[in-house]
Amino acid sequence: MLIGASSRATCCLSRALLVVLPALLSRSGTLVNAEYGLFSFVSRPDIHAPKWDIDVYDEAALAPGYWFVGPYLDRNKGDAPDDGYVGPHIYDQDGSLIWSPVELEPTWNIRRVEAFTLSQVDMGTGGGVESMLTANDMRKGKAMILDNHYQLRRHDWANGGWMANSHELNFVDDGTKALIVFSRTGHKSPQEQLDAAGIEEQCKVSCNGIAEYDAKTWERGWTWSSCEGHEGKGHIDLEESQLYRGHKCPHDYVHANSADKTAQGDYLLSCRHTNALYKISRKDGRIVWRLGGTKSDFVHIDDFVFSRQHMVRYRGGNETHTMVSILDNAWSNDGNMPSTYENSRGLMIALDESSTPMTAQVVAQYDHPDGNGNFAFRRGGMQVLPNGNVFMGWSENGIQSEHSENGTLLMRARFRPTWLGTYRAFKYNGFVGMPNDPPDVVARYIVSSDRKASNKTQVFVSWNGATEVDQWRLLETNKYGERGTHISTIKKSGFEGKFEYAGDLRYIVVEALARNGSVLSTSDTVIVRPTWYEKLLHNPIFIAAVIITVAAALILTATWWVVTRLRRRGGTSKLAGQSRFFDRLTKGRYQKISDQKEEGGEGSEPLMRSDEGWTDDVEK
């Protein structure tokens, strides 16, 4: 009767654990991530990508495409409880995750994404790369180049001692050339130049420049440095800098952050700390003109001013005018510079280089979506989309927006975690992500607490980075993964799909289906409900119990052997003479002679005094 009651209690306890424990395990991570505004996925518990708050004002006018962003941690604004949210990410326009970089090595080194570029570049592999992703590694000053299978193609620069400063990786000339911005610290400028610029005595200078690489061989070609120019003065004079004079040494007087190339082969360079754009001649490296800053060569129509700008891009031109675009940050928190406009904005600027004097005019403006008083203090970018829309990345809190060609706000998105930002944000259409790994599947067998209700099976599936999945198909199979019974098919919606089946399943696989119904990939075989011995083999408590039992048996065996050896040597060991535990362990072969009197009667002497030790072969 007691045995039966115990069995029933054990059964009830097991049912309760099966019902409650999976829920607790799943909810613990989910609740924490929800609190911090991060995604949680059962099939990929290692991914904690940030969520978005999105406002769409004209969905029909949005350009198609995916968002390409690189969340990075702003440690001045707090921290998250886990990793898995830093590095390049891809989202769809609804804010659903497409790809998180947890498979990359080393993922933790990626802090800013400079660009994700679609290109037709050989990459030295003997075949074209239809879709290519690029991301800058801020800590190492190197570039990560990935194919659309998310395989690392390259992760270094042959830069001859220069440091790629993570601000730029721009493919030009139809993807055959790559531009980077580099830094070189420790330049010694003449003291008279330092004095003229108001820089303290003997302060060394940080120089910036452009290096152009062949995208197939990665050999460095054309180079240019801000410090190495005419008559030893440098191409960009120290007195052009508008950096706060109290800035520490080495003096970062230029702080180049983007570069591009014109159709004529000349180069455009944006320098944050001079508030200026530079056109540089490919032929001799001279500065053709300056736009903005203290030495602008243009008359600025309507007296427009920009400052601390990012992401200069050549936008074409005709016989008389050249079009360029920039993000006008308009303010900075790196010193005492006042704001130069009421908010950060994107600018399309028409340059008339044929007139005398040359003129510059703003022909389109894209304001910060939060209006006056809102700024991208340090970073950001402006991208013109194929349909004419403009996609803006405002950096702070991951804010990004899409505008029509005439400047109308179409969409605004912001990271839910307030302690995350971005460097730049991009939108690209036509990217096809095809991971090499199969889909990830986690199955749960849930025992109903109601005896009248049937048990059920939950199956969670995802495929990190896959863009072509239209449906998920669940199949029951055998332990060899052979195709079996079709259970259910669901439409892919979001990063993770979920099946619920009212009944018992043992072995399953999930297929990823394309829009035409073809199978893109099949998951590994998953055991849903193992047999009793399979459960034991996968039960950590059982495994721990086995290990503890074996370890205890080995310890006892070793102890017994040591005591045996000691006693055979004459019983001189205190360990052998004093331990009751060893008495009991070896009882039957060795026995301490009793101090009790013989049964023969009173007055009988003990056979041996208690302090005379042990003797072998005592007769019972």
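Reading the values: the criteria
Residues numbered from 1 in each chain as written. Predicted model: local features only at pLDDT ≥ 70, side-chain atom pairs only at ≥ 80, totals over all residues. Heavy atoms only, no water. Helix = DSSP H or I, 4+ residues; strand = E, 2+ residues; numbered from the N terminus. Buried < 20%, exposed > 50% of the residue type's maximum accessible area, 1.4 Å probe, protein only. Contact = heavy atoms within 4.5 Å. Areas by Shrake-Rupley, 256 points an atom, 1.4 Å probe, with all protein chains shown as cover. Core = buried A, V, L, I, M, F, W, Y, C linked by side-chain atoms within 4.5 Å. Expected span 1.5 Å × (residues − 1). Pairing = 2+ DSSP bridges. Axes fitted to C-alpha atoms, helices over the stretch in contact; angles between N-to-C directions. Phe/Tyr/Trp six-rings, centres within 6.5 Å; stacked < 30°, edge-to-face > 60°. Lys NZ or Arg CZ within 6 Å of the ring centre and 35° of its normal. Disulfide = S-S within 2.5 Å. Salt bridge = Lys/Arg side-chain N within 4 Å of Asp/Glu carboxyl O. Patch = residues over 30% accessible without salt bridge, like charges linked within 9 Å, V, L, I, M, F, W, Y side chains within 5 Å. Polar contact = N/O pair within 3.5 Å; in protein donor to acceptor, adjacent residues only side chain to side chain. pLDDT = per-residue confidence, 0-100.

- Naming follows an unreviewed UniProt entry, where the protein appears as ASST-domain-containing protein of Saxophila tyrrhenica.

**What to know about the overall build of the protein**
Logical step 1: A count of helices and strands for the protein gives 6 helices and 35 strands.
Logical step 2: Across the 620 residues of the protein, 48% fall into the buried class.
Logical step 3: In the protein, the proportion of contacts linking residues at least 24 apart, taken out of those at least 6 apart, comes to 58%.
Logical step 4: Working note: accessible area of the protein is about 30600 Å², and carbon and sulfur atoms make up 50% of it.

**So, the nonpolar core**
Logical step 1: Counting residues in each nonpolar core, the largest one holds 26 residues, and the members touching the most others are Ile 210, Ile 236, Leu 269, Tyr 278 and Ile 280.
Logical step 2: Elements with a contribution of two residues or more to this core: strand S10 (177–187), strand S11 (205–214), strand S12 (220–225), strand S13 (256–261), strand S14 (267–271) and strand S15 (276–280).
Logical step 3: When neighbours within four sequence positions are excluded, Ile 210 is seen to be in contact with Leu 179, Ile 180, Phe 182, Trp 222, Thr 223, Trp 224, Ala 259, Tyr 267, Leu 268, Leu 269 and Ile 280.
Logical step 4: Counting residues in each nonpolar core, the second largest holds 25 residues, with Phe 41, Val 69, Tyr 91 and Phe 495 among its members.

**Let's talk about helix H4 (residues 540–568)**
It helps to recall that an α-helix has 3.6 residues per turn; residues three or four apart then point in one direction.
Logical step 1: Taking 1.5 Å of rise per residue, the 29 residues of H4 would be expected to cover 42 Å, and the 42 Å separating its terminal C-alpha atoms lies within 8% of that figure.
Logical step 2: Looking only at H4, the buried set comprises Val 563, Thr 564 and Arg 567.

**Structural notes on the sheet that holds strand S27 (residues 425–428)**
Logical step 1: Within the open sheet, the 4 strands sit side by side as S5-S4-S2-S27. Their pairing is antiparallel. Two strands bound the open sheet, and with one partner strand each, they are strand S5 (97–99) and S27. Neighbour-to-neighbour, the strand axes of this sheet turn through a mean angle of 30°, independent of strand direction.
Logical step 2: As paired strands, strand S4 (residues 89–91) and S5 are joined by 2 bridges and run antiparallel to one another. In the strand pairing of S5, Ile 90 is matched with Trp 99.

**Remarks on the packing of aromatic side chains**
Centre distance and the angle of the planes are the two values used to describe a pair of aromatic rings.
Logical step 1: Under the counting rule described, the total for this entry stands at 19 aromatic pairs.
Logical step 2: Ring geometry for Trp 52 and Trp 67: centres 5.2 Å apart, planes at 70°, overall edge-to-face. Note that Trp 52 is positioned in strand S1 (residues 52–56) and Trp 67 in strand S2 (residues 66–69), a separation of 15 residues in sequence. Across the pair, Trp 67 and Trp 52 agree in class, each one buried.
Logical step 3: Each ring, one from Trp 289 and one from Phe 298, has its centre 5.1 Å from the other, and the planes form 85°; the classification is edge-to-face.
Logical step 4: The exposure class of Trp 289 is buried, given its relative accessible area of 2%.
Logical step 5: The cationic tip of Arg 345 hangs over the ring face of Tyr 341; the distance from NZ or CZ to the ring centre is 3.7 Å.

**Some words on the state of the cysteines**
Logical step 1: What the rule picks out here adds up to 1 disulfide.
Logical step 2: There is a disulfide in this structure between Cys 207 and Cys 227, and the S-S distance comes to 1.9 Å. Looking along the S-S bond of the Cys 207-Cys 227 disulfide, the torsion reads about -100°, which is the left-handed sense. Here Cys 227 lies in the loop between S12 and S13 and Cys 207 lies in strand S11, a separation of 20 residues in the sequence.

**Digging into the pattern of salt bridges**
Logical step 1: Counting across every chain of the model gives 22 salt bridges.
Logical step 2: The closest approach of N and O atoms between Arg 44 and Asp 46, which form a salt bridge, is 2.8 Å.
Logical step 3: Between Asp 440 and Arg 44 there is a salt bridge, with the nearest N and O atoms lying 3.3 Å from each other. Taken together, the positions of Asp 440 in strand S28 (residues 440–446) and Arg 44 in the loop between helix H1 (2–35) and S1 put the pair 396 residues apart, joining distant regions of the chain.

**Some details on the pairing of S27**
Logical step 1: Burial along S27 is two-sided: Ala 425 and Lys 427 facing one way and Phe 426 and Tyr 428 facing the other are all buried.
Logical step 2: Direction of pairing for S2 relative to S27: antiparallel, over a ladder of 4 bridges. Within the sheet, the bridge partner assigned to Trp 67 lies in S27 and is Lys 427.

**Observations concerning the pairing of strand S7 (residues 142–147)**
Logical step 1: In terms of burial, S7 is largely enclosed, as 5 of its 6 residues are buried.
Logical step 2: Linking S7 to strand S8 (residues 152–154), which pair antiparallel, is a turn of 4 residues; within it Tyr 150 sits at a positive phi near 65°.

**Topic: the environment of Leu 505**
Logical step 1: By the element assignment, Leu 505 lies in the loop between strand S32 (496–501) and strand S33 (507–513).
Logical step 2: Residue classification places Leu 505 among the buried positions, given a relative accessible area of 2%.
Logical step 3: C-alpha of Leu 505 to C-alpha of Lys 456: the two residues are 49 residues apart in sequence and 8.6 Å apart in space.
Logical step 4: Among residues more than four places away in sequence, those in contact with Leu 505 are Thr 457, Leu 474, Glu 476, Ile 487, Val 528 and Arg 529.

**Some points on a nonpolar patch on the surface**
Logical step 1: On the surface, a nonpolar cluster with roughly 510 Å² of combined accessible area is contributed by Phe 542, Ile 543, Val 546, Ile 547, Val 550 and Leu 554.
Logical step 2: Looking at where Phe 542 falls in the secondary structure, it is placed in helix H4.
Logical step 3: Judged by relative accessible area, which is 32%, Phe 542 ranks as partly exposed.

**Overview of the side chain of His 255**
Logical step 1: By secondary structure assignment, the location of His 255 is in the loop between S12 and S13.
Logical step 2: Polar side-chain contacts of His 255 include one of 2.6 Å to the side chain of Asp 252.
Logical step 3: Excluding residues that lie within four positions of it along the chain, His 255 makes contacts with His 167, Asn 208, Ser 270, Cys 271, Arg 272 and His 273.

**What about the sheet that holds strand S29 (residues 456–462)?**
Logical step 1: Read across the open sheet, the 3 strands follow the order S28-S29-S32; overall the sheet is antiparallel. Strands with a single pairing partner mark the edges of an open sheet, and in this sheet they are S28 and S32. Across the sheet, the mean angle separating the axes of adjacent strands is 15° when strand polarity is ignored.
Logical step 2: Across 7 bridges, the pairing between S28 and S29 is antiparallel. Bridge pairing in S29 places Val 442 opposite Phe 460.

**With respect to the confidence of the model for the protein**
Logical step 1: Looking at the protein, pLDDT values average 80 and 74% of them are 70 or higher.
Logical step 2: Contacts of residues 588–620 to residues separated by more than four positions or lying in other chains number 34 contacts, the stretch itself having pLDDT below 50.

**Things to note about the environment of Cys 203**
Logical step 1: Turning to its location among the elements, Cys 203 is positioned in the loop between helix H2 (191–196) and S11.
Logical step 2: On the basis of relative accessible area, Cys 203 is assigned to the buried category, the value being 5%.
Logical step 3: Residues Cys 203 and Ser 189, spaced 14 residues apart in sequence, show a C-alpha to C-alpha distance of 8.4 Å.
Logical step 4: Setting aside its immediate chain neighbours within four residues, Cys 203 contacts Leu 194, Cys 249, Pro 250 and His 251.

**Some remarks on the side chain of Arg 272**
Logical step 1: Considering the arrangement of structural elements, one finds Arg 272 in the loop between S14 and S15.
Logical step 2: Overall, Arg 272 belongs to the buried group, its relative accessible area being 4%.
Logical step 3: A polar atom in the side chain of Arg 272 sits 3.1 Å from the side chain of Ser 332.

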